[in-house]
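This is what each chain is made of:
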Amino acid sequence: MGSILYGGATDPIHIEDRALAHLKIVIATKLRRNESFTLSWRHTDDEPSGRSMIWLHPSIPLRFTFDEPEPPKLNARWIEELMHSANSTGGISLVDEVIDTPES
C-alpha cells in the first residue's frame, strides 16, 4: 500500500501501489502544466467508510511513497482514463483499472 503526503498533512492518503503509480503519472503531468485540480477517492477497507477529496496545486509539496521497490508495468489505457477524468470539471476520480481482454 503506497501513500501520498500532501502539504503539511500528517495523515497519509493510502492508495494501492499499482494505482498510485498510474495516478502519479497523471498528477505529475497536470502539475507540470501548472494546472490545479481535485483528486477524489474511496476510503480503504481499514478506514472509516466514505470518500475524500483534496485540491492539488503546483505550489503545495507532494510526496509519493511506494511499498514496492520496483515500479509496475504501466497500463496506458488506465492512464488515459485517469487523464480524461483529470481534465473534467470533477477532477481526477480514482477509477478501477481498465483491462483490455482479447476477444474470443
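Note that the structure is predicted; figures quoted are calculated from it, not measured. (Residues numbered from 1 in each chain as written. Predicted model: local features only at pLDDT ≥ 70, side-chain atom pairs only at ≥ 80, totals over all residues. Heavy atoms only, no water.)

Novice: Tell me about the pattern of salt bridges, residues and numbers included.
Specialist: Overall, the coordinates contain two salt bridges when judged by the stated rule. Taking the shortest distance from any N to any O, the salt bridge between R18 and E97 comes out at 2.8 Å. With R18 in helix 1 (residues 17–32) and E97 in the segment after strand 6 (92–93), this pair connects stretches of sequence that are 79 residues apart. For E97, a relative accessible area of 26% translates into the label partly exposed. Across the salt bridge formed by E35 and K30, the nearest N and O atoms sit 2.6 Å from each other. Using a relative accessible area of 26% as the deciding quantity, one classes E35 as partly exposed. The class of K30 is buried, set by a relative accessible area of 5%. (Salt bridge = Lys/Arg side-chain N within 4 Å of Asp/Glu carboxyl O. Helix = DSSP H or I, 4+ residues; strand = E, 2+ residues; numbered from the N terminus. Buried < 20%, exposed > 50% of the residue type's maximum accessible area, 1.4 Å probe, protein only.)

Novice: Any details on helix 1? Residues and values, ideally.
Specialist: Spanning 16 residues, helix 1 covers 22 Å between terminal C-alpha atoms, matching the ideal 22 Å at 1.5 Å per step. Two to three positions downstream of the cap, the backbone nitrogen of R18 sits 2.9 Å from a side-chain oxygen, assigning the N-cap of helix 1 to E16. The first or second residue beyond helix 1 is N34, which carries a positive phi of 65°. (Expected span 1.5 Å × (residues − 1). Polar contact = N/O pair within 3.5 Å; in protein donor to acceptor, adjacent residues only side chain to side chain.)

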